[in-house]
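Close look at the chain arrangement
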Amino acid sequence: MIIRDRQGREYRLQVNGDENSYFIAKLLYRNSEVGRLHCVLSPPDKLMIGDILIHDDVIHAPEHLGAALLRLLVEPKPIDYRRRGLGTHLLQFAIKKARQRGIKRICGSLTQKDINNNPNLVKWYKKYGFEILPPSQENIENAVFGISLDLGEKSN
């Protein structure tokens, strides 16, 4: 599957996992991983988002010998892939997969580290219909918030 960022660059979405228990979706640009989504399926009706990560420090492998030789002289600058709409694509992919499987609820956890890395994270999840909840037993140990999206019988 091919997706495009806000500037129209193409990324390949590669999905691996066990159809019945989990999946990992990787976003690849020039054969380098620039983003990742981890989801765990809790049958019959729940999908847990383990992580959505967009890398901010990607150094691509040289495409040809000249570039490789130049790299010996000049330290390559890491590329930040955040704020290009890639996280949104991954979240929408998780929602789509959940709907295809008849999942009724998507949930996850937010840690203080997640929020420190992206101060707009709570607002971002709310934008896509997630409720922000106090942590519960369902969340990971160091969660400061739980997130939950009820898919119910809706067919967006």
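Here is a short report on the structure shown in this document. (Residues numbered from 1 in each chain as written. Predicted model: local features only at pLDDT ≥ 70, side-chain atom pairs only at ≥ 80, totals over all residues. Heavy atoms only, no water.)

Another point: the overall build of the protein chain. Looking only at helices and strands, the protein chain has 4 helices and 8 strands in total. Across the protein chain, helices and strands are ordered from the amino to the carboxyl terminus as β-β-β-β-β-α-α-β-α-α-β-β. Per-residue burial over the protein chain gives 35% buried out of 156 residues. For the protein chain, the share of sequence-separated contacts (at least 6 apart) that also reach a separation of at least 24 residues comes to 52%. With the model as given, the accessible surface of the protein chain reaches about 9800 Å², and the carbon-plus-sulfur share is 51%. (Helix = DSSP H or I, 4+ residues; strand = E, 2+ residues; numbered from the N terminus. Buried < 20%, exposed > 50% of the residue type's maximum accessible area, 1.4 Å probe, protein only. Contact = heavy atoms within 4.5 Å. Areas by Shrake-Rupley, 256 points an atom, 1.4 Å probe, with all protein chains shown as cover.)

Here we take up the sheet that holds strand S2 (residues 10-18). Strand order in the open sheet formed by 8 strands is S1-S2-S3-S4-S5-S6-S8-S7, with mixed pairing between adjacent strands. With partners counted over all chains shown, the strands left at the sheet margins are strand S1 (2-4) and strand S7 (131-133), one partner each. Recorded for the sheet is a direction-independent mean angle of 25° between the axes of neighbouring strands. Two strands pair when backbone bridges link them, and strand S3 (residues 22-29) and strand S4 (residues 32-42) are joined in this way by 8 bridges, in the antiparallel orientation. For Lys26, the partnering residue across the bridge sits in S4 and is Arg36. Sheet strands touched by helix H2 (residues 86-100): S1, S2, S3, S4, strand S5 (46-54), strand S6 (105-111) and strand S8 (143-150). Its angle to S5, the strand with the most contacts, is close to 165°. (Pairing = 2+ DSSP bridges. Axes fitted to C-alpha atoms, helices over the stretch in contact; angles between N-to-C directions.)

Here we take up the nonpolar core. One finds Leu37, Leu47, Ile49, Ile106, Tyr125 and Phe130 to be the most contacted residues of the largest nonpolar core, which totals 36 residues. Top contributing element to this core by residue count: H2, with 7 residues. (Core = buried A, V, L, I, M, F, W, Y, C linked by side-chain atoms within 4.5 Å.)

Looking along a regular strand, one sees side chains alternate from face to face of the sheet. Buried residues dominate S6, accounting for 6 of its 7 residues. Here 7 bridges tie S6 to S8, and the two strands are oriented antiparallel to one another. Of the residues in S8, the one forming a bridge with Arg105 is Asp150.

With that settled, the discussion passes to the packing of aromatic side chains. As enumerated under the stated definition, the model contains 7 aromatic pairs in all. Each ring, one from Tyr11 and one from Tyr81, has its centre 6.2 Å from the other, and the planes form 90°; the classification is edge-to-face. With Tyr11 in strand S2 and Tyr81 in the loop between helix H1 (65-73) and H2, the pair connects residues that are 70 residues apart, well separated along the chain. Since its relative accessible area comes to 1%, Tyr81 is described here as buried. (Phe/Tyr/Trp six-rings, centres within 6.5 Å; stacked < 30°, edge-to-face > 60°.)

This part covers the pattern of salt bridges. The tally for this structure, following the rule as stated, stands at 8 salt bridges. Across the pair Arg82 and Asp80 runs a salt bridge whose closest N-O atoms are separated by 2.8 Å. Judged by its relative accessible area of 26%, Asp80 is partly exposed. Arg83 is the partner of Asp80 in a salt bridge, and the nearest nitrogen-oxygen pair spans 3.7 Å. Judged by relative accessible area, which is 63%, Arg83 ranks as exposed. Salt bridges linked by common partners bring Asp56, Asp80, Arg82 and Arg83 together as one network. (Salt bridge = Lys/Arg side-chain N within 4 Å of Asp/Glu carboxyl O.)

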